[in-house]
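Examining the three-dimensional arrangement
This is what each chain is made of:
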Amino acid sequence: MTLFRRPAGRRVDRGSRFLVPALLILGVTSVYPTLYSIYMSVFDWNWGQRFNFVGLANYLDVLTGDRFRTALWNTIVFTVSAVSVEFVLGLGLALVLGRLGFGRGVLRTLLLIPLMVSGIIVSMIWKVMLDPTVGIVSYGLQLMGLPRMGFFGDPGMAMATIVLVDTWWQTAFVFIVLSAGLQALPTEPFEAANVDGANARQRFRYLTLPLLRPTILVVLMFRTVDCLKVFAIIFGTTGGGPMTTTESVQVLAYRVAFKQLNMSMSMTIMVVFAAFAVLVLLLYQWLLPGREREGAA
Amino acid sequence: MNRHRARTRLTTFVAYAIALFATFLSLFPLYWLFVISTKTPREAFKTPPDLIYVPDFSKYLEIWGSGFGESFLNSALVVLLGVALTLLAATPAAYAIVRFRIRGGRYVRLWLLLAYTTPEFLFVIPMYVAYQQLGLYDTVIGLAIIYQVFAIPFAVWLIESFLREVPQELGDSARVDGCSELQTLLKVYLPLAAPGLAATSILVGINMWNEVTIALSLTFDEARTVQIAVAGYRGYAAIRWQEMAAAAVTAVVPMIIFAGIAQRYIVKGLTFGAVK
């Protein structure tokens, strides 16, 4: 019988084998823990003897309590601010570098270097540079006759400072992806627009932006989900403080699990938050044209 | 005509000025990290700072004796083991996606995207519990396994884009000549995509080396990674800035060198294989 099996059908079946190792590892490292988290979220467990079924009480606590709402709000404020600033600066840089001739390659490579630094080292660098008393930035402000600023220690400024740190760290990602997108644009529409006498602003508004839309959405999608996950640069600088002004959801989950040992509560927080993050991701997927979906931009 | 040319020249000048300023802003903090690593804290925090000084490299040697060496080795092992695992799993997966129409292929890709984007603590806290029971907590192997969550999706996207550059006819003719699909992958696709696989390894390795969130939660002492060691210079009373900076520079420099080696492919890597 096997002799007469249709080749096309065989081709489909034989391909799946090659997926087995990857799907097996991902099953153990992503599906299992997700299911375990959902299961544990209906218990009250403190990494000890206490282990009681509590139904949806954890969810009620998370959704009605101030702590999670503050953390979620902080995370959203951080994400929206950081992604907007990085997008504007990254797009600006991509357009500026596009105008350069000599030295463009070297500058582009140098601009990528911050991306090769880990979140914890980025934190340390900015902690020392922005120190209110001994930091070089404070000294620079003083030279310019500006007042001393608290940066990470000032409740009104801490979040903005963390956005600044992320901007230094990740703008190059937006820059490099948009640069590549700009280079890949077709030239004919721009030539035609030139013939028709369109000015630079019109060309940007009616050609560059619409043609670049899929690339822009991919960049925004990856930056958004990355920012929602923010942990290291907060852990390394403010630890969530002053008070809870910079506590993101992941920082909250870390504290609840490893400082308070309230494991089931931490898992509940993450189940709710992951659902939120997945919704945001699916929203981006829905905005993207079919060809660009599932990360294969 | 002349006015037009003058304007173009002015724009080019402004563009260079902006680009150079952005480059300065990007590199100055790293230069400053280096300065702090070569000055005693008293000199480092003096205002105005001495621009010309005799650098003191002593901490670069001292840190190796106080646990940083073990952490450096741990990270190197995690990266080697992790990257090997990633390549073994991701290469066939990417091959399957490129060469076959797979049933439910759309969902496989969505799964990869979801695994890549889910916030770490969703799986880190359950894995903390599981690893305690399995004896994988605070081990290099445990870290290398959990890092696959982000490494496999990233590597599949990247390797996929490299395999797509191999002409399909080559694979088809190998099949006609009697090669199995596995042999076709090993003998036709892999040699042609070898530089791409090397670049993928470097980029995945950099991601693993720089990982903080998971390493912080799933290691304690034995398998402490280089990043956690850097964070460890924050003592109870004060931060040991010079040691910390020396350790940080030691951790960053190899990554910049590796990024330089994979330079041709970095853009492709950062755009998840979308752009050459």
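Just so it is clear, the structure is predicted and the values come from calculations on it, not from any experiment.

Conventions and cut-offs
Residues numbered from 1 in each chain as written. Chains lettered and ligands numbered in written order. Predicted model: local features only at pLDDT ≥ 70, side-chain atom pairs only at ≥ 80, totals over all residues. Helix = DSSP H or I, 4+ residues; strand = E, 2+ residues; numbered from the N terminus. Rg over C-alpha atoms; globule rule 2.2 N^0.38 Å. Buried ≥ 20, exposed ≤ 12 C-beta atoms within 10 Å, placed from the backbone. Contact = placed C-beta atoms within 7 Å. Axes fitted to C-alpha atoms, helices over the stretch in contact; angles between N-to-C directions. Parallel < 35°, antiparallel > 145°, perpendicular 65-115°, else oblique. Left-handed = near helix turned anticlockwise from the far one by under 90°. Nonpolar A, V, L, I, M, F, W, Y, C, P; charged D, E, K, R; others polar. Expected span 1.5 Å × (residues − 1). Bend = angle between axes of the 7 residues up to and from the residue. Domains from an automatic or database assignment. pLDDT = per-residue confidence, 0-100.

**A short note on the overall build of chain A**
- Of regular secondary structure, chain A possesses 13 helices and two strands.
- A globule of 297 residues ought to have a C-alpha radius of gyration of about 19 Å, yet chain A, at 24 Å, is considerably larger.
- For chain A, the C-alpha atoms occupy an extent of roughly 85 × 75 × 30 Å along the three principal directions.
- Residues counted as buried form 42% of the 297 residues belonging to chain A.
- A separation threshold of at least 6 residues defines the contact pool for chain A, and within that pool the share at least 24 residues apart is 69%.

**Structural notes on the overall build of chain B**
- Tallying secondary structure elements over chain B gives 13 helices and zero strands in all.
- Taking 2.2 N^0.38 as the reference for a compact globule, 276 residues should give roughly 19 Å; the C-alpha atoms of chain B span a radius of gyration of 24 Å, well beyond that estimate.
- On the principal axes, the C-alpha backbone points of chain B span a range of 75 × 75 × 30 Å.
- For chain B, restricting intrachain contacts to residue pairs at least 6 apart in sequence, the fraction spanning at least 24 positions comes to 76%.

**Comments concerning the packing of helix H8 (residues 158-183) of chain A against helix H10 (residues 200-228) of chain A**
Residue and element names in this part refer to chain A.
- In the contact formed by H8 and H10, the axes pass within 10 Å of each other and the chain directions differ by 160°. With respect to H10, the axis of H8 lies roughly antiparallel. Between H8 and H10 lies a crossing whose hand is right-handed. Residues Gln-170, Phe-173, Val-174, Val-177, Leu-178, Gly-181 and Leu-182 of H8 lie in contact with H10, whose contacting residues are Leu-212, Thr-215, Val-219 and Arg-223.

**Digging into the interface of chain A and chain B**
- Chain A puts 72 residues into the contact, and the matching count from chain B is 81 residues.
- With ten residues, the top contributor of residues to the side of chain A that touches chain B is helix H2 (residues 20-40) of chain A.
- Tallied by class, residues from the side of chain A that touches chain B come to 54 nonpolar, 13 polar and five charged.

**Focus on helix H9 (residues 181-209) of chain B**
- Given a rise of 1.5 Å per residue, 29 residues ought to cover 42 Å, yet the end C-alpha atoms of H9 of chain B are separated by just 34 Å, more than 12% below that figure.
- At Ala-194 of chain B, H9 of chain B shows its largest kink, close to 65°, and the proline Pro-195 of chain B lies no more than four residues downstream.

**Focus: the domain arrangement of chain B**
Residue and element names in this part refer to chain B.
- Domain boundaries assigned for chain B yield domain 1 (2-44) and domain 2 (59-270).
- Using only C-alpha atoms to locate each centre, domain 1 and domain 2 end up separated by 32 Å.
- At the junction of the two partners, domain 1 supplies seven residues and domain 2 supplies seven residues.
- For the side of domain 1 that touches domain 2, the class distribution of residues is five nonpolar, two polar and no charged.

**Here we look at the environment of Arg-109 of chain B**
Residue and element names in this part refer to chain B.
- When you line up the elements, Arg-109 lands in helix H4 (residues 105-117).
- Residue classification places Arg-109 among the buried positions, given that 20 C-beta atoms sit within 10 Å.
- For the pair Arg-109 and Ser-58, spaced 51 residues apart in sequence, the C-alpha to C-alpha distance is 50 Å.

**So, helix H12 (residues 241-261) of chain B**
- An ideal rise of 1.5 Å per residue puts 30 Å on 21 residues; H12 of chain B measures up with 30 Å between its terminal C-alpha atoms.
- Turning to H12 of chain B, its buried residues number three or more, namely Trp-241, Gln-242, Met-244, Ala-245, Ala-246, Ala-247, Ala-248, Ala-251, Val-252, Met-255 and Ala-259 of chain B.

**Quick notes on the environment of Ile-176 of chain A**
- Its location among the elements puts Ile-176 of chain A in helix H8.
- Along the backbone, Ile-176 of chain A and Asn-46 of chain A are 130 residues apart, and their C-alpha atoms lie at a distance of 45 Å.
- Residue contacts for Ile-176 of chain A: discarding those within four places in its chain leaves Leu-112 of chain A together with Val-267 and Leu-270 of chain B.

**Regarding unusual backbone geometry**
All names here are of chain A.
- A cis amide bond, omega -10°, links Gly-241 with the succeeding residue Pro-242.
- Tracing the chain through its elements places Pro-242 in the loop between helix H11 (232-235) and helix H12 (249-259).
- Of note, the phi angle at Trp-47 is positive, near 65°, even though the residue is not glycine.
- Of note, Trp-47 is situated in the loop between strand S1 (43-45) and strand S2 (51-53).

**Considerations on the packing of helix H4 (residues 66-98) of chain A against H10 of chain A**
Residue and element names in this part refer to chain A.
- Two elements in contact, H4 and H10, have axes separated by 9 Å at closest approach and are oriented at 145°. Where H4 crosses over H10, the two elements pack in a sense that is right-handed. Contacts between H4 and H10 involve Thr-75, Phe-78, Thr-79, Ala-82, Val-83, Glu-86 and Phe-87 from the first element and Leu-220, Arg-223, Thr-224, Cys-227 and Leu-228 from the second.
- Here the contact of H4 with H10 is composed, by residue class, of seven nonpolar, three polar and two charged.

**Observations concerning the confidence of the model for chain A**
- For chain A, mean pLDDT is 90; residues scoring 70 or higher make up 93% of the total.
- Note on residues 1-12 of chain A: pLDDT is under 50 here. Beyond four places in sequence and across chains, it has six contacts.

**Here's the deal with the environment of Tyr-36 of chain A**
- Assignment of secondary structure puts Tyr-36 of chain A in helix H2.
- In the structure, Tyr-36 of chain A is positioned 231 residues away from Met-267 of chain A in sequence and 8.9 Å away in space, judged by C-alpha atoms.

**A look at the confidence of the model for chain B**
Residues and elements named next belong to chain B.
- Chain-level pLDDT for chain B is 91 on average; 97% of the residues reach the 70-or-more range.
- Across chain B, the secondary-structure element scoring lowest on mean pLDDT is helix H13 (residues 263-270), at 78, and the one scoring highest is helix H6 (residues 140-146), at 97.
- Reported confidence for the predicted complex is 0.93 by ipTM and 0.93 by pTM.

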